[in-house]
Amino acid sequence: MTAMPPESSGRRADLQAVIFDVDGTLADTEEAHRQAFNATFGEFGLPWHWDVELYVELLGVASGKERLAHYCRCVDPQRLAQPDGAEFIARLHQRKTRLYERRIETGEAAARPGVLRLIRELREAGVRLAIATTTSRANVDALLATALADLPPGSFEVIGAGEQAAAKKPAPDIYRWVLEKLGLPGEACLAIEDSGNGVRAALGAGIPVLATECAWTRRDDFTGALAVLPDLEGIDLAGLRRIRGA
Ligand code: XBP
Ligand code: MG
C-alpha cells in the first residue's frame, strides 16, 4: 500500500487534465527497450552491449536516437563523424523501434500498478487525459494495443510523442505542445512522470508534477515534484487532488 503523500500547502486551479509520461510511468517498458537496442547491435554486427548498469546511466539521455548518438560519440567517435553518421544512427534506431514494437506486441510490458484503475476513474470523473512522451508514436500505439488495451479507445485526447518535439526531455517542448493541443494552462493540469528529465520537462512547461519512480530511475533527482511515490497503487482522484492542492 502506498504511504499517503503529503498534502499540498497551496490552493490551485481545479484539475482539468492529467498528462501521463509513457516509459516507466504508464508501463514498465525499459527492459524491452534495452533488449531491443542490444538485439539491434547484434543484427548490425556492432560490438556494443548495454547491460542494466550502463543502461541506467544512458537513460539520462532522453530519446533513444539521441542515446545512440551519445553512446557512439563515446565509443566510436570516428563512426559518428563519417558523412553518413547521422543516417547510420537513424537506421539503428529505426530497426530498434521495430524490434521493440514486436516485443511489446508479444505482451512483454505490463501497465504499472494502479495505472489502469486510475485512468478509468479520471475518465469517469470527466478529467481530460493526455500523453507526453519522448518515445516514438509507433511505440505508444503498440502499448495502447497491448498493455493498455483494457482502456476504451480514445482515452487519451492528445498524444504528444517523440515526433512532435525536436527538443527532448528535460526540454519542456513536448509538454508545451500537449498544453497547446489541450488548450489549457499548465496550472490546470498535473503531469505524472518517472524520471528526473521528465519532472524537469513538466516543470519547465509550468505543470505541477507527481513522480512515480521505477527501478530504472530510482536514483534520479526529482526536485520540484509535488511528491515521489513508488507507484500509483492506492492513488485515486481524491489522492491526486490532495497531492496537487485541488
Ligand atoms: C523514455 C525514453 C525513451 C525510451 C526509448 O521515454 O527516454 O527514449 O527509453 O524509446 P518517456 P525511444 O518520455 O516516455 O519516459 O527509443 O523510442 O526513444
Ligand atoms: Mg518515462
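What counts, and at which threshold
Residues numbered from 1 in each chain as written. Chains lettered and ligands numbered in written order. Predicted model: local features only at pLDDT ≥ 70, side-chain atom pairs only at ≥ 80, totals over all residues. Heavy atoms only, no water. 1 Å grid on protein atoms, 1.4 Å probe; cavity = no way out; pocket = protein on both sides within 12 Å on 5 of 7 lines; lining within 4 Å. Points joined across faces, edges and corners; volume = space filled by probe spheres on them. Helix = DSSP H or I, 4+ residues; strand = E, 2+ residues; numbered from the N terminus. Near = heavy atom within 4 Å. Polar contact = N/O pair within 3.5 Å; in protein donor to acceptor, adjacent residues only side chain to side chain. Areas by Shrake-Rupley, 256 points an atom, 1.4 Å probe, with all protein chains shown as cover. Sits in = over half its atoms within 2 Å of the grid points. Donors = N, O, S within 2.8 Å, 3.2 Å for Na, K, Ca; no water. Buried < 20%, exposed > 50% of the residue type's maximum accessible area, 1.4 Å probe, protein only. Pairing = 2+ DSSP bridges. Axes fitted to C-alpha atoms, helices over the stretch in contact; angles between N-to-C directions.

A. View of the layout of surface pockets. Computed from the structure, the largest pocket encloses a volume of approximately 530 Å³. Along its surface, the largest pocket is lined by 34 residues, and Ala62, Ser63, Gly64, Arg67 and Thr134 are the ones closest to its centre. At the level of elements, helix H1 (30–43), helix H2 (52–58), helix H3 (64–75), helix H5 (85–105) and helix H9 (196–204) are the ones that each hand at least two residues to the lining of the largest pocket. Examining the composition of the lining of the largest pocket, we find that four residues originate from one element, H3, more than from any other.

B. Representation of the site of ligand 1 in the model. Lining the immediate environment of ligand 1, one finds 21 residues, of which Asp21, Gly64, His93, Thr133 and Thr135 sit closest. One nitrogen or oxygen atom from the main chain of Val22 is found 3.4 Å from an oxygen atom belonging to ligand 1. Its free accessible area being 450 Å², ligand 1 has 96% of it covered by the protein chains. Assessed atom by atom at 2 Å from the grid points, ligand 1 resides in the largest pocket.

C. Here's a closer look at the coordination of the magnesium ion (ligand 2). The protein atoms donating to the magnesium ion (ligand 2) are Asp21 (OD), Asp23 (O) and Asp194 (OD), with metal-donor distances spanning 2.0 to 2.2 Å. Site description for the magnesium ion (ligand 2): donor spacing in sequence, D-x1-D-x170-D. Side by side, Asp21 and Asp23 carry an identical accessibility label, which is buried.

D. Local environment of the sheet that holds strand S5 (residues 209–212). Ordered by their spatial adjacency, six strands build an open sheet running S3-S2-S1-S4-S5-S6, and the pairing between neighbours is parallel. Of all the strands in the sheet, just strand S3 (158–160) and strand S6 (227–229) have a single pairing partner and so form its edges. Here the strands of the sheet are splayed against their neighbours by 20 degrees on average, with no regard to which way each runs. Across three bridges, the pairing between strand S2 (residues 128–132) and S3 is parallel. When the sheet's bridge partners are listed, Ala130 is paired in S3 with Val158.

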